[in-house]
Every structure is written in structure tokens, then in C-alpha cells.
Amino acid sequence: MIKQLRSWWKDTEIPNLIGRKKVDFSIFRDGTHIPVEFHPDFLEANQGQQPSLGEGRKVKLIHEDRNYEATLFKIDQVSAGREALQLRYNGNQTLKNLLIETFSHSYSYIMQERTNQQADDAKRPQVVVPEDQAEYIDFFATGVPFEYRLEFITFKSKPNVWWVNQGTTIQAEKEEGILWAPLLNSQGRKLYHWETMKEVKQGDIILHYSNKAIRYVSQVTDAAVEAPKPGSMANTNWQEEGRLVRTEYVELTPPIMLQQFNQQIMQVNLTQGPLHSGGGVNQGYLFRFSSQGLQVLQSLTAEVTWPDFSILDQDEASNTESPHEVIPILPPSDSSITTFLHQIQSHIRRKGFFFPEHLIENFYLSLKTKPFVILAGISGTGKTRLVKLFAEALGATGNNGQFTLIPVRPDWSDPADLLGYKDLSGRFKTGPLTEVLVEARKPENQHKPYFICMDEMNLARVEHYFSDLLSVLETQDWQEGRIHTQDLISSTMLEAPEDQVKFGSLGIPENVFLIGTVNMDETTHPFSKKVLDRANTLEFNYINLQQYPDFNVQVETSDSSDVAELNHLFLRSDYLQLVDAYDTNKELVVRTTERLVKINALLEDIHAHVGFRVRDAICFYMIYNERYKLMSEEEAFDWQLLQKILPRIQGSHSSVRRVLLNLMKGALGTGSGVTVNIEDLMDNDASPLYLRWAAGQTPPTAKHPQSARKLAFMLRRLEEDGFTSYWLS
């Protein structure tokens, strides 16, 4: 079982291993901070003993039969609302000298980068040694409290892998067999992505990116030397003095397009790498890549003939000498999504259930867009069953704890009913949802998808008991390649040390997906726009009762186990803000936004217009659909119009009627053969329009058929009842 957090790692299969610490600047300065997730490991090594709060215990560090003194401190981190462990050896210069000598590669790299940052006179992130150059300290229990045996894992030189962004100069640089970058920018400052040139050495491998694809790979023949700007770059505005690297280019056929690999490479967790959190390419020249990233890239491009020098053997590609290497968890390729969804549909059919065309694709895209989805409709239409079977197909069941059904009670009135509360003794009593979150965030479970089905979630007012989750969902942010949120449980609720360890820093893990089922009748409550903005609403109101099990249908079973082995990245969002996706999907984002601008102009009259949150969510849905080629662009936008726009519309005023008629006109399009005269229908009976969707009628061929059918229903309710809403059944 693997546990990993920031710079600490542990494999429980290695006897007596407390944890593995990646060497960073703190190791050479004064010691290391121990993450709260590793406190139990040190507590076990110390046979249940620990320092008192605010105090330290002397520690003996043993390396090759020599003893070194250190101190284990337990401090109160007031700002974080929790206790912390720190291993310190500030005054032990002998130990510091040993570490500097042993980890000379890390020490030289870190100190050089810190010098570069000071010379650049700019604030930079903490220096992190690249993964393919990292060194480690293993801490082992000895059987004696506060005595730890140390083993060192040091770096051995291997070919470095680099990524270079090249624009109009790529052909000229290729013909000369060079890379070149200036020493300083026009303000006389050094730039990180130019300074990397001096680290390039003979034998290194370079990936050449230009015009949205990797087009060449090369091997360095001569390390960087200072040289004037080549004639091929005479037309650039760069300074005359720079660094030049000589390298032999090999063309890759076909070129490797960015969207073939960006999501998978992001999971390799490259430090100061070429891709930003949204999968686009960072601006700059030469970036660090990794041998592990190169292997992932090659595994995704079987159609490309890679030159021999770029095929690294296992020894060259490994990050350390240890056989217990942490393998990155990678998402499935975009081209495989359709196959996996087909396997999910096959699983559901084998269970004797059938859902309308594109419902599974729509449900998947909705979860991918945001890990909170609402399934609405009349009772008994299979809403809860869909969630259960979808989760089951992915290997998430009630038996293994990855599927949890939480029946909502009508008397729930605040988040404590769902999350938990502090009892009179000061202990935290967990709610039904908190237990799932704790289980899902365990290191051994972080790659597994967890599904929470809130059954009949609007029996109580969602805005009351679900408010904390709605707010925390909006704090999603990228940290070290993973999605994190703010804490759900306030530190004031966690007085006991055991509660602090178990529930401290508990947010919504990126592998948890929330689905609410709702019925709309006299026993339930409506939704506010705060809820609707944060979810896709899938409707289950149109049922074909003449759908019978067909035992003659042969449901494919081959490779059905593949989908059950998928990790959570199959569903986890790749984008949190529009900037994450804009670079590689600009045209689609602009087209979608222009549609929404026109719709918003209509919605403003009834104060139902949308903001940036809804715009981003719709754009993400459209981008995923285009990436995975699941539906046409019009079909996908139809679902988003139905699920993100129409649920906001309700009322009895004539302005609501005008909005519905205008939306109907757009949903029908120009090829339906139906003319929608807005002014005429505002004053006269609209039944000739909406009755085209009545039972027994063949509806017109609409541009957006799902939305057109719902709009016809809403128009009918407005005309016959004097009030309309998406939620009326």
C-alpha cells in the first residue's frame, strides 16, 4: 500500500519503513516538517510515545553505525488550527556536512537555483529538485523509541529530458542543429526558461514543440556555450548575447498533437514543467521534462517511430535506485472514453435496465464538468438505479465502500445533519457524508472513485443542510497537480487529538462525486439559483413503459473488466477555471460564449441570466464532448440549454412568456418547418405551437429537440395554469 503526501512517501510493504523524505532545502538548513498524515507512523516507531505540545524529545539518527543527535518537536500551528511535528538538527553541523556531502547533487542544484532567483530580483516558488534528479532519505524504525536508522538514496546521472517551445524559427534552428536563447531580456533580467540552457548536457533528449504539436525529438551533441545570436534569428527582438546548444533533430511522423497527451502528462507532476494546470503550454523557451514523462508520451503514441536514442531502458527511466518507485496515476486517453462508456452501457443492460439515447454520455460529461449532479423526475424512473449501476460498472459498490446511499430526512436543517457535530464530551460525531470523505482521502484510496447518492435530497431545504458543501465546492484549486478544497470541518469542532488526526484538513477529495436525486411534488422543496448554478440537472420525466427486457440481445462482455479498473481520473475535472482550457480550445469557447451572450440578453428581462460560473461549466461540458467525440456540438449544447438554462426560468408574467417563445424559436432552428411569430403568440393562443409535442403527435425536427420539448411543456403550463416552472411535473 502506497502513501504519498508532498515530499513524503511510504510503501507499507517495506519492513520497518517510517517514511521516505525527498531531499529539499530544509534538509540542509535545519531539518524537516513531518506531515500530519505521517504522525501515526512516527508514533508507532516511538512505541506510542510522543513529545508534549510545545516541547521536544532528543532523537538518535543512525547511519552506517554512526549516531547523530536531533530533536523531535511538537508545536501548535495556530494558523492551520492543528499540531505539527518537526525534526530539527540546527546545531548539528556534523550531520549537516554529511547531508551536504552525500546529497551534493541536490545541494548544488538548490543553491544554484536560489542564486539565480536572487539575481533575477523576482519572487519565485520554493526550489524543488526535478523528480528525475531527486534524492531521498529513508527513515526506519529500530525498535527503540526515538531512534531511527537512515538510508540514503542518491542521484546517478542519466540523460535529462527537456521540452523546447519553438515558433517561426524552428526550421532555421533545425537546419543549423541548434537551440539558442539570450542571456538577458530587454530589461536586463535573467529568465528561468532561458537559464535552463546552461543545464543542458551532452546526451540529453529534447522534445521540440511548435504549432500545437511535438514535431521533433533531438539528442544533444554539445552542451551550452555562450554565443552571439545566430543569423537565423536576426529578425527577433532578443539581445545579441546568449547560449547555444548543438543537437541532432529527428522528425516525428506523424506529429504528436497536444491533446493526445496533455492530460496524461499532467499526472506525472512535473516541477516547473511546460504544461500549466489546464493542460495548455506555458509561455517560455526551454522547460524541464522527465524520463518518466517521455515514457508516458511514448506509450500513448504507438503509431510514432521514435529514434533509438529516445527509448530509455528501465534503469535510465527510473527516478531512484529503489524498486518501490511511485508510479503516477494516469487518466485514460481521450480516444478510449467512448469504449469505456459503451462498456458501462453494456453493464447496465446486462442488469436489465435501459436508459434513453445519450443519457449515459450526458451523465458522464456532467460529472466530468462538476462533481455534483442532480437527477430530477417523477418517482420510479430509475434515478437512483442509474447512479448505483454507473458506479457499479466502475467497481464502486456498497460492499467496498465506494458507493454510499444517503437518504435525506425532512427534518435536516443545517450541515451538522450531514457532516457531524461535537458532542457534550468534546468528541466529534461524524455524519454520514464525513465518513465517506475520510475513507476516500486515505492514500491507498485516492485513485478510486467514490460515489455519494443523496436520495430525495430536496425533502429538506438543500440550501440549509448542504450549504457548507456548496461553498467548499467553489474553493477547488490546483495544488501539486491535484484538486484541493478548503476544510469542511472547522478546527473548533476537533478538540481531541484523535479527531484532529482523523478529520483535520478534511476537504472534498478529488475522487468523490456527489449525485442528488429529486422528486418534484407537494412533499419537496424547490431549488435556489445557488444550487442550480453548481450542478447539471438531468431530467427523468419522459418514460417509455413499453420497454421490456430482451433476452435475445447479445450484450458484449469482452473486456468488461477494463472499465472496473479505471481510476478516478476518468471522472475528475481537468479544468477548474476557463483559463485552464482556453488556450487549446479557444474557437469552441468563443462559439459557445457567443451563444450564451444572446441567451443572456433574453434572460435579463426576467432576472434569470447567468454568470461566469455557468458560462465556464457549459464551456467545459462542450470541450469534453469535443475531446471525446461523444455527440455533435448541437446535441451537446441542447443538453446544456436544457440542464443549465431552463431550470432557472419560472413565473407568471408576460415577460416569461416572451423568453420562452424566443428560446423556442432558437431551439427549433430554421429547418423545422415551424414559424414562431413572437408578437402574434404573445397576444394569441400558443397551443398550435406547444401541442405539436402532445401525446400521439410527431414533434417537428428541431435543432435542439430536448430543449424544444421542455419549452413546449413550460409554455403549456404557463398558458393553462397561469404559472410555469422547469420543475412542474
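Look a little higher up for the structure.
My aim in this report is to walk through the structure given alongside it, one point at a time.

Reading the values: the criteria
Residues numbered from 1 in each chain as written. Predicted model: local features only at pLDDT ≥ 70, side-chain atom pairs only at ≥ 80, totals over all residues. Heavy atoms only, no water. Buried < 20%, exposed > 50% of the residue type's maximum accessible area, 1.4 Å probe, protein only. Helix = DSSP H or I, 4+ residues; strand = E, 2+ residues; numbered from the N terminus. Pairing = 2+ DSSP bridges. Axes fitted to C-alpha atoms, helices over the stretch in contact; angles between N-to-C directions. Contact = heavy atoms within 4.5 Å. Phe/Tyr/Trp six-rings, centres within 6.5 Å; stacked < 30°, edge-to-face > 60°. Lys NZ or Arg CZ within 6 Å of the ring centre and 35° of its normal. Parallel < 35°, antiparallel > 145°, perpendicular 65-115°, else oblique. Left-handed = near helix turned anticlockwise from the far one by under 90°. Nonpolar A, V, L, I, M, F, W, Y, C, P; charged D, E, K, R; others polar. Arc of directions from axis to C-beta. Salt bridge = Lys/Arg side-chain N within 4 Å of Asp/Glu carboxyl O.

**Observations concerning the pairing of strand 8 (residues 136-141)**
Along any regular strand the residues' side chains alternate between the sheet's two faces.
Turning to step 1, where the next piece is worked out: In terms of residue burial, strand 8 counts as a mostly covered element, since 5 of its 6 residues are buried.
Turning to step 2, where the next piece is worked out: Pairing between strand 3 (residues 17-22) and strand 8: 5 bridges, direction antiparallel. Each bridged residue has a counterpart across the sheet, and for Lys21 the counterpart in strand 8 is Ile137.
Turning to step 3, where the next piece is worked out: Here strand 8 runs beside strand 9 (residues 147-153); their pairing, made up of 6 bridges, is antiparallel. Its bridge partner lying in strand 9, Asp138 is registered against Glu151.
Turning to step 4, where the next piece is worked out: Where strand 8 folds back on strand 9, the antiparallel hairpin that results is connected by 5 residues, among which Gly143 adopts a positive phi of roughly 95°.

**What to know about the sheet that holds strand 24 (residues 536-540)**
Turning to step 1, where the next piece is worked out: Pairing is parallel in the open sheet, where 5 strands are placed in the order 17-20-23-16-24. Of all strands in the sheet, those bounded by a partner on one side alone are strand 17 (403-407) and strand 24. Neighbouring strand axes in the sheet, compared pairwise and without regard to direction, differ in orientation by 20° on average.
Turning to step 2, where the next piece is worked out: Strands in contact with helix 14 (residues 432-441) are strand 17, strand 20 (450-455) and strand 23 (512-518); relative to strand 20, the strand with the most contacts, it is inclined by about 170°.

**Let's talk about the packing of aromatic side chains**
Turning to step 1, where the next piece is worked out: Tallying each qualifying case throughout the model produces 30 aromatic pairs.
Turning to step 2, where the next piece is worked out: Taken together, a centroid distance of 5.1 Å and an interplanar angle of 65° make the contact between Phe103 and Phe152 edge-to-face. Residue Phe103 is found in the loop between helix 3 (93-102) and helix 4 (104-120), and its partner Phe152 is found in strand 9; the two are separated by 49 residues along the sequence. Just as Phe103 is buried, Phe152 falls in that class too.
Turning to step 3, where the next piece is worked out: Plain terms: the ring middles of Tyr465 and Phe466 are 6.0 Å apart, the flat faces sit at 70° to each other, and that makes the pair edge-to-face. The burial state of Tyr465 is the same as that of Phe466; both residues are buried.
Turning to step 4, where the next piece is worked out: Here the aromatic residues Phe340, Tyr364, Phe570, Tyr575, Phe620, Tyr624 and Tyr628 are joined through ring pairs into a cluster of three or more.
Turning to step 5, where the next piece is worked out: Positioned above the aromatic ring of Tyr136 is the side chain of Arg20, whose terminal nitrogen or guanidinium carbon lies 5.8 Å from the ring centre.
Turning to step 6, where the next piece is worked out: Its guanidinium or amino end placed over the ring of Tyr726, Lys710 lies 4.6 Å from that ring's centre, counting from NZ or CZ.

**Here we look at the packing of helix 10 (residues 337-350) against helix 11 (residues 359-369)**
Turning to step 1, where the next piece is worked out: Direction vectors running N to C along helix 10 and helix 11 enclose 120°, while the axes themselves pass 10 Å from each other. As summarised for this structure, helix 10 and helix 11 are arranged oblique, according to the angle between their axes. Two packed elements cross with a definite hand, and for helix 10 against helix 11 that hand is right-handed. Between helix 10 and helix 11, the residues in contact are Ile337, Leu341, Ile344, Gln345 and Ile348 and Ile360, Glu361 and Tyr364, respectively.
Turning to step 2, where the next piece is worked out: Taken together, the residues that form the contact of helix 10 with helix 11 break down as 6 nonpolar, 1 polar and 1 charged.

**Things to note about helix 3**
For an α-helix the count is 3.6 residues per turn, leaving residues at separations of three or four pointing the same way.
Turning to step 1, where the next piece is worked out: When helix 3 is considered as a whole, its buried residues turn out to be Leu95, Lys96, Leu98 and Leu99. Along the axis of helix 3, the buried positions cluster into a sector of 160°, meaning they face one direction only.

**A word on the packing of helix 21 (residues 586-603) against helix 22 (residues 612-628)**
Turning to step 1, where the next piece is worked out: Following both chains from N to C, one finds helix 21 and helix 22 inclined at 135°, their axes separated by 10 Å at the closest point. By the angle class used here, helix 21 and helix 22 are oblique. In this structure, helix 21 meets helix 22 at a crossing whose hand is right-handed. Taking contact as the criterion, the partners of Leu588, Val589, Arg591, Thr592, Thr593 and Leu596 in helix 21 are, on helix 22, Arg615, Ile618, Cys619, Met622, Ile623 and Glu626.
Turning to step 2, where the next piece is worked out: Broken down by class, the residue content of the contact of helix 21 with helix 22 amounts to 7 nonpolar, 2 polar and 3 charged.

**Section: the side chain of Asn458**
Turning to step 1, where the next piece is worked out: By secondary structure assignment, the location of Asn458 is in the loop between strand 20 and helix 15 (462-465).
Turning to step 2, where the next piece is worked out: Owing to a relative accessible area of 0%, Asn458 belongs among the buried residues under this scheme.
Turning to step 3, where the next piece is worked out: Not counting the four nearest positions on each side in its chain, Asn458 is found in contact with Val518, Asn519, Met520, Thr524, His525 and Phe527.

**Details of the sheet that holds strand 14 (residues 241-257)**
Turning to step 1, where the next piece is worked out: Taken in spatial order, the 6 strands make up an open sheet running 11-14-13-12-10-15, and their pairing is mixed. Looking at the sheet topology across the chains shown, the edges are occupied by strand 11 (178-182) and strand 15 (286-288). Strand-to-strand twist of the sheet, defined as the mean angle between neighbouring strand axes without regard to direction, takes the value 35°.

**Some details on helix 11**
Turning to step 1, where the next piece is worked out: Of all 11 residues in helix 11, 11 are buried; the element is thus mostly enclosed.
Turning to step 2, where the next piece is worked out: Restricting attention to buried positions, one finds in helix 11 the residues Leu359, Ile360, Glu361, Asn362, Phe363, Tyr364, Leu365, Ser366, Leu367, Lys368 and Thr369.

**Looking at the pattern of salt bridges**
Turning to step 1, where the next piece is worked out: Applying the stated criterion to the full structure yields 43 salt bridges.
Turning to step 2, where the next piece is worked out: Residue Arg409 is joined to Asp411 by a salt bridge in which the shortest nitrogen-to-oxygen separation is 3.2 Å.
Turning to step 3, where the next piece is worked out: Owing to a relative accessible area of 47%, Arg409 belongs among the partly exposed residues under this scheme.
Turning to step 4, where the next piece is worked out: We note a salt bridge from Asp574 to Arg627, for which the minimum N-O separation is 3.0 Å. With a gap of 53 residues between them, Asp574 in the loop between helix 19 (560-564) and helix 20 (578-582) and Arg627 in helix 22 connect regions that are remote in the sequence.
Turning to step 5, where the next piece is worked out: Judged by relative accessible area, Asp574 falls into the buried class, the value being 4%.
Turning to step 6, where the next piece is worked out: Salt bridges sharing common partners tie together Lys370, Glu474, Asp533, Arg534, Arg613 and Arg648.

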